[in-house]
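# Coordinate analysis (summary)
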Amino acid sequence: EAGVTQFPSHSVIEKGQTVTLRCDPISGHDNLYWYRRVMGKEIKFLLHFVKESKQDESGMPNNRFLAERTGGTYSTLKVQPAELEDSGVYFCASSLHLGVNYGYTFGSGTRLTVV
Amino acid sequence: GQQLNQSPQSMFIQEGEDGSMNCTSSSIFNTWLWYKQDPGEGPVLLIALYKAGELTSNGRLTAQFGITRKDSFLNISASIPSDVGIYFCAGQLGTSGSRLTFGEGTQLTVNP
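Below is a short write-up of the structure. (Residues numbered from 1 in each chain as written. Chains lettered and ligands numbered in written order. Predicted model: local features only at pLDDT ≥ 70, side-chain atom pairs only at ≥ 80, totals over all residues. Heavy atoms only, no water.)

## Things to note about the overall build of chain A
For clarity, the cut-off: Put simply, DSSP marks the helices as runs of H or I at least four residues long and the strands as runs of E at least two long, and each gets a number from the N terminus on. Every radius of gyration here is taken over C-alpha atoms, with the globule rule written as 2.2 Å times N^0.38, N being the number of residues. In this scheme, a residue with accessible area under 20% of its type's maximum is buried, one over 50% is exposed, and one in between is partly exposed, where area comes from a 1.4 Å probe on protein chains only. By the convention used here, residues are in contact when the closest approach between their heavy atoms is within 4.5 Å.
A count of helical and extended segments in chain A gives 0 helices and 11 strands. Taking 13 Å as the expected radius of gyration for a compact globule of 115 residues, we find that chain A reaches 13 Å, a close match to that expectation. Along the first, second and third principal axes, the C-alpha set of chain A runs to 40 × 25 × 20 Å. Burial statistics for chain A: of 115 residues in total, 50% are counted as buried. Within chain A, contacts between residues separated by at least 24 positions form 53% of all contacts whose residues are at least 6 apart in sequence.

Below, the structure written as structure tokens:
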């Protein structure tokens, strides 16, 4: 079984530009989550999709961040326009059902650097 | 929001030694989890704890869910070089669905 795949693995962009991160969850996993770790701090929750619907987006920092999951398969996270403080590692995770005991699997992350 | 205080921030131990890290919270969690992150990879679940007072082992790792449900510790025994990495605690509060709250991580270095 393929794991959670994130693309790109690294991205360096200039302040003010737009970047789109992609996450392909494990096939059949209805639950998809985005998290990020900024500057060596804690890994923070951003949002949770159940299929194509946003179940919880309370962790999204501001309206420069837009997450989509059209068709309930892969998800994209767009940052527009990017700011310096958006630098960090963005993780995606997926699970079959709610709850960590249902195979909550993380991808390898996208390291975003805004210069 | 909920916060987890994880300590120590860094840990340096000799190969073969034991190491211990812990997390505390001002809030109650229903589930405590410990993850390890290797360089360039995502966090991988090591141990999950579901009941207050629960003590669970996974090989050389042992973790406990505190009685107050506000803390947890992870112990690594007889460390080996491949134990190097960042260890994160995480809590899950039932009312927030499957959203996880993470600590800031402990960077473990094992000196040969």
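This is not the end of the story, as more comes after the structure.
## Some points on the sheet that holds strand 6 (residues 55-58) of chain B
All names here are of chain B. The test is simple: Strands were regarded as paired on the criterion that DSSP finds at least two bridges between them. Under this scheme, a helix contributes an axis fitted over its contacting stretch, all axes are lines through C-alpha atoms, and angles between N-to-C directions fall in the 0 to 180 degree range.
Spatially, 5 strands are ordered 1-3-8-7-6 in an open sheet, and the strand pairing comes out antiparallel. The open sheet has two free edges, formed respectively by strand 1 (4-7) and strand 6, since each of these has just one partner strand. When strand polarity is set aside, the average angle formed by the axes of neighbouring strands in this sheet is 15°.

## Focus on the sheet that holds strand 1 (residues 5-7) of chain A
Each strand in a sheet pairs with another by means of backbone hydrogen bonds, the pair being arranged parallel or else antiparallel. All names here are of chain A. Spatially, 1-3-8-7 is the arrangement adopted by the 4 strands of the open sheet, whose pairing is antiparallel. Edge strands, defined here as strands with exactly one partner in the open sheet, are strand 1 and strand 7 (65-68). Adjacent strand axes in the sheet meet at a mean angle of 15°, parallel and antiparallel pairs treated alike. The pairing of strand 7 with strand 8 (residues 75-79) spans 4 bridges and is classified as antiparallel.

## Description of the packing of aromatic side chains
Two measures describe an aromatic ring pair: the distance that separates the ring centres and the angle between the ring planes. Short version of the rule: Geometry of aromatic contacts follows a simple scheme: Phe, Tyr and Trp rings, the Trp one being its six-membered ring, pair when their centres are within 6.5 Å, and the pair is stacked under 30 degrees between planes, edge-to-face over 60, tilted otherwise.
Throughout the structure, instances matching the rule amount to 12 aromatic pairs over all chains. Ring centres 5.7 Å apart and planes at 75° place the aromatic pair A:Tyr35 and A:Phe45 in the edge-to-face group. Of this pair, A:Tyr35 sits in strand 4 (residues 31-37) while A:Phe45 sits in strand 5 (residues 43-50); the two residues are 10 residues apart in sequence, bridging distant segments of the chain. A:Tyr35 gets classed as buried once you look at its relative accessible area, which sits at 0%. Relative to B:Phe102, the ring of A:Phe106 lies with its centre 6.1 Å away and its plane at 75°, an arrangement referred to as edge-to-face.

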